[in-house]
Amino acid sequence: MPTETVAAFRNLAIVGTGPTGLYTLHHLLQRGQKLTVTLFEAAPLAGVGSPYSPETTQASMLANIASIEIPPLGETYLDWLKRQPDAMLRVYGVNATNLHERQFLPRLLLGGWFRDALERMIRDANAQGHRIALREAARVLDVEPAGAEYRVTFTTAVGTESLLFSHVVLATGHDWPDDPDHDDLLFVSPWSGLIEAKVPALPVGILGTSLSGIDAAMAVACQHGHFDEGETTVYHPNPGSEGLKITLMSRNGLIPEADFWCPLPYRPLAHVTEAALAQAQAGGAAGLLDRLWHLFKLELSEADPAYARSIGLADLTPEAFATAYFAPRLAADPFVWAAENLAEVQRNTTQRRTVEWRYAILRLHEPMETLVASFNDHDRSRFEALQRVFIDNYAAVPPQSIRRLLALHRANILTVLSLGEDYSLTHAEGETVVQTETGAQQTFAVFVDARGQRALGLSDLPFPKLRAALGKNDGPVPLNTSFALQKPSLAGIYLPAAPYLLSRLPFVQGIVSSCDLGHEVARAIIPDAPAMLA
Ligand SMILES: Cc1cc2nc3c(=O)[nH]c(=O)nc-3n(C[C@H](O)[C@H](O)[C@H](O)COP(=O)(O)OP(=O)(O)OC[C@H]3O[C@@H](n4cnc5c(N)ncnc54)[C@H](O)[C@@H]3O)c2cc1C
């Protein structure tokens with residue numbers, strides 16, 4: 001909430017025009033007050049967001065969210081798709097005649113929707129008397145208090161400039177490690193040059209088997225061949241690319257499952273309700289995870305009694321549940337499992353059949369997340385096992401991605417390596433040597449670290465004066481529940497940026513979270529008028 005140091009006239013800066021910046025603007029414009037807003041975007045093209053931009057994404061890379069789940073920005077993603085010319089959709093391998101709300105489409109198309117939505121929001125808002133300005137290729141370098149306002153300093157084509165604002169929303173999103181010199185074919189993330197790099201047809205190691213790892217594998221595979229997405233997906237390597245071998249690796253060597261059919265919007269939960277969560281929290285931090293675990297077990301056993309019995313849920317701890325959840329997959333060959341899982345998902349989709357235990361876990365992850373910030377250290381560390389289950393469940397990937405992984409495996413290009421807990425990586429003389437826990441060694445000419453977004457803290461904040469104004473240098477950035485900086489003189493600055501929230505909201509990544517963050521920030525900046533509360 002803004003304090004008395006914040007001017008009543010709202011002249012806002014939104015820094016970052018990815019999904020979070022866009023949904024923040026969208027919700028602000030719904031608050032019933034005329035606004036002055038300047039949007040700053042470091043990239044030359046605003047409104048696209050980092051995973052959906054041509055700089056980081058290729059047409060082969062799919063979104064794992066479909067129109068039915070994406071909060072509309074004036075119009076739904078599907079309605080926008082239906083307005084696009086057939087020829088444009090064909091470029092992305094999309095057939096205009098069978099568009100539907102559950103389709104997983106290339107992320108570049110989603111970026112196109114976001115960009116159009118931004119342009120439309122600005123046009124409509126300005127026509128209604130708001131004053132919305134967009135500064136592209138304008139990286140914000142710093143934010144500092146200046147009397148009752150905040151000074152935002154940013155780059156322009158001719159140098160740096162600064163402007164004063166009553167509120168600043170830092171929707172800066174993903175933060176990948178810099179890698180200016182990637183000549184050595186060692187990539188510190190899939191977004192630090194891999195997309196443009198010429199990757200030789202040699203052994204490629206990819207650390208991380210989830211969405212980002214799959215992206216990296218697709219980026220490399222599409223340089224050396226193409227997928228034929230007929231009845232069965234087939235990968236055709238180019239002549240001369242026979243030496244390409246891709247190894248996806250992670251501690252447990254599991255690849256994600258295929259996204260499963262389920263009723264949307266979610267059916268309500270019976271036991272993990274807001275009231276039950278409030279009661280669990282009211283009991284204090286000691287024993288909080290156990291109280292939540294009790295609710296989780298009630299919910300899961302009622303949703304799918306046969307599954308609960310089969311794993312002996314009644315007697316399991318959260319840690320033992322995670323073990324039971326992953327055990328069948330760990331015991332199987334990952335590609336055999338993937339093929340069977342894909343067939344099951346396809347069958348269930350055709351029959352509109354819901355696997356109730358999967359659906360219950362999916363619906364449980366968001367309510368459970370709301371109490372993570374209230375855990376003591378002991379519970380936080382115990383929760384990690386359960387966290388892995390939730391992430392595995394909600395980060396299921398489009399079935400088409402699994403079909404492509406299977407095609408690469410059949411072409412004798414893709415394997416999966418299980419590293420174990422105690423593994424080592426050595427980068428030397430242009431090669432990376434990986435030694436697994438069991439002592440097996442593999443050498444890679446190309447290596448990509450695709451472990452996804454890490455949690456960031458105060459020392460990572462790229463705004464030196466703001467860091468100094470916060471007055472300490474380590475730990476998480478102090479934020480209130482509306483994501484405002486928790487210091488009176490900085491209370492008009494908001495940080496709805498997932499990397500800084502992950503330590504308290506471990507599941508905050510995704511477009512739906514971007515919308516929720518934007519909604520919360522907009523409500524804090526322009527609180528409900530008494531009439532709206534009534
Ligand atoms: C590879 C990948 C794939 C993903 N796929 C999906 C998916 O399919 N579905 C889904 O729901 N989620 C997906 N996600 C999750 C993703 O986090 C969100 O969908 C979304 O991009 C988050 O939006 P954001 O605006 O917070 O961050 P971003 O999309 O990262 O946008 C932040 C913006 O801020 C700008 N910016 C940063 N710093 C500054 C600065 N100092 N000055 C000015 N501008 C700045 C950046 O240039 C960028 O445009 C994916 C994530 C990754 C990494």
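Note that this is a predicted model, so its numbers are computed, not measured.

*Asks:* What exactly am I supposed to notice about the overall build of the chain here?
*Replies:* Of the regular secondary structure elements, the chain holds 17 helices and 18 strands. Taken over C-alpha atoms, the radius of gyration comes to 24 Å for the chain, in line with the 24 Å a tight globule of 534 residues would show. Principal-axis analysis of the C-alpha atoms places the extent of the chain at approximately 65 × 55 × 50 Å. For the chain, the computed accessible surface area is about 23500 Å², with 53% contributed by carbon and sulfur atoms. Each charge sign in the chain was given a centre, from 42 positive and 58 negative side chains, and these centres are 5 Å apart.

*Asks:* Just to check I follow, could you spell out the domain arrangement of the chain for this structure?
*Replies:* When the domains of the chain are assigned, the result is domain 1 (11-60 + 116-175 + 454-533), domain 2 (186-256 + 400-449) and domain 3 (274-394). The C-alpha centroid of domain 3 is placed 29 Å from the C-alpha centroid of domain 2. On the side of domain 3, nine residues touch domain 2, which itself brings 13 residues to the contact. When the area that domain 2 buries against domain 3 is broken down by residue, the three leading residues are Leu254, Ile255 and Leu406, summing to 47%. Connecting domain 2 to domain 3 are zero salt bridges.

*Asks:* I'm lost on the sheet that holds strand 18 (residues 493-494) in this one. Help?
*Replies:* Adjacent strands of a sheet pair through backbone hydrogen bonds, lying either parallel or antiparallel. One open sheet holds the five strands; their spatial order is 3-2-1-7-18, and the pairing between them is parallel. Of all strands in the sheet, those bounded by a partner on one side alone are strand 3 (131-135) and strand 18. When strand 7 (residues 167-170) meets strand 18, the two strands line up parallel, connected through two bridges. Across the sheet, the residue bridging to Val169 is Tyr494, located in strand 18. Running over the sheet, helix 1 (residues 19-29) touches strand 1 (11-15), strand 2 (36-40), strand 3 and strand 7 and is turned about 155° from strand 1. Relative to strand 3, helix 4 (residues 107-127) is tilted by about 145°, and along the sheet it contacts strand 2 and strand 3.

*Asks:* Which parts of the structure should I look at to understand the site of the ligand?
*Replies:* In the vicinity of the ligand lie 32 residues, with Thr20, Glu41, Ser50, Tyr52 and His174 positioned nearest. At 2.3 Å, a side-chain N or O of Ser50 approaches an oxygen atom of the ligand. One of the backbone N or O atoms of Val140 is found 2.9 Å from a nitrogen atom in the ligand. Looking at the shell around the ligand, the elements with two or more residues in it are helix 1, helix 5 (211-223) and helix 16 (511-525). Among the residues making up the shell around the ligand, the classes are represented as 16 nonpolar, twelve polar and four charged. Here the shell around the ligand spans two domains, since at least three of its residues come from each of domain 1 (11-60 + 116-175 + 454-533) and domain 2 (186-256 + 400-449).

*Asks:* How should the sheet that holds strand 16 (residues 441-444) be read in this particular structure?
*Replies:* With respect to topology, three strands assemble into an open sheet ordered 14-15-16, the strand pairing being antiparallel. Looking at which strands have only one partner, the edges of the open sheet turn out to be strand 14 (424-428) and strand 16. Neighbour to neighbour, the strand axes of the sheet diverge by 20° on average, direction disregarded. Pairing of strand 14 with strand 15 (residues 431-435) involves five bridges; the strand directions are antiparallel.

*Asks:* So what exactly am I meant to see when it comes to the pattern of salt bridges here?
*Replies:* When charged atoms on two side chains of opposite charge get close, those side chains can pair. Summed over all chains, the structure comprises 20 salt bridges. Here Glu75 makes a salt bridge to Arg120, at a shortest N to O gap of 3.5 Å. Here Glu75, found in the loop between strand 2 and helix 2 (77-83), pairs with Arg120, found in helix 4; they are 45 residues apart in sequence, far enough to count as distant. In this structure, Glu75 and Arg120 share a single accessibility class: buried. Residues Asp290 and Arg382 are paired through a salt bridge, measuring 3.1 Å at the closest nitrogen-oxygen approach. Taken together, the residues Asp290 in helix 7 (residues 288-303) and Arg382 in helix 12 (residues 377-394) connect sequence positions 92 residues apart. Assessed through its relative accessible area of 14%, Arg382 is described here as buried. Ionic contacts of the salt-bridge type, sharing partners, join the residues Glu257, Arg329, Arg358 and Asp392 into one network.

Parameters and conventions
- Residues numbered from 1 in each chain as written.
- Predicted model: local features only at pLDDT ≥ 70, side-chain atom pairs only at ≥ 80, totals over all residues.
- Heavy atoms only, no water.
- Helix = DSSP H or I, 4+ residues; strand = E, 2+ residues; numbered from the N terminus.
- Rg over C-alpha atoms; globule rule 2.2 N^0.38 Å.
- Areas by Shrake-Rupley, 256 points an atom, 1.4 Å probe, with all protein chains shown as cover.
- Lys, Arg positive; Asp, Glu negative; His and termini not counted.
- Charge placed at Lys NZ, Arg CZ, Asp CG, Glu CD.
- Domains from an automatic or database assignment.
- Contact = heavy atoms within 4.5 Å.
- Buried area = accessible area lost by both parts, 1.4 Å probe.
- Salt bridge = Lys/Arg side-chain N within 4 Å of Asp/Glu carboxyl O.
- Pairing = 2+ DSSP bridges.
- Axes fitted to C-alpha atoms, helices over the stretch in contact; angles between N-to-C directions.
- Near = heavy atom within 4 Å.
- Polar contact = N/O pair within 3.5 Å; in protein donor to acceptor, adjacent residues only side chain to side chain.
- Nonpolar A, V, L, I, M, F, W, Y, C, P; charged D, E, K, R; others polar.
- Buried < 20%, exposed > 50% of the residue type's maximum accessible area, 1.4 Å probe, protein only.

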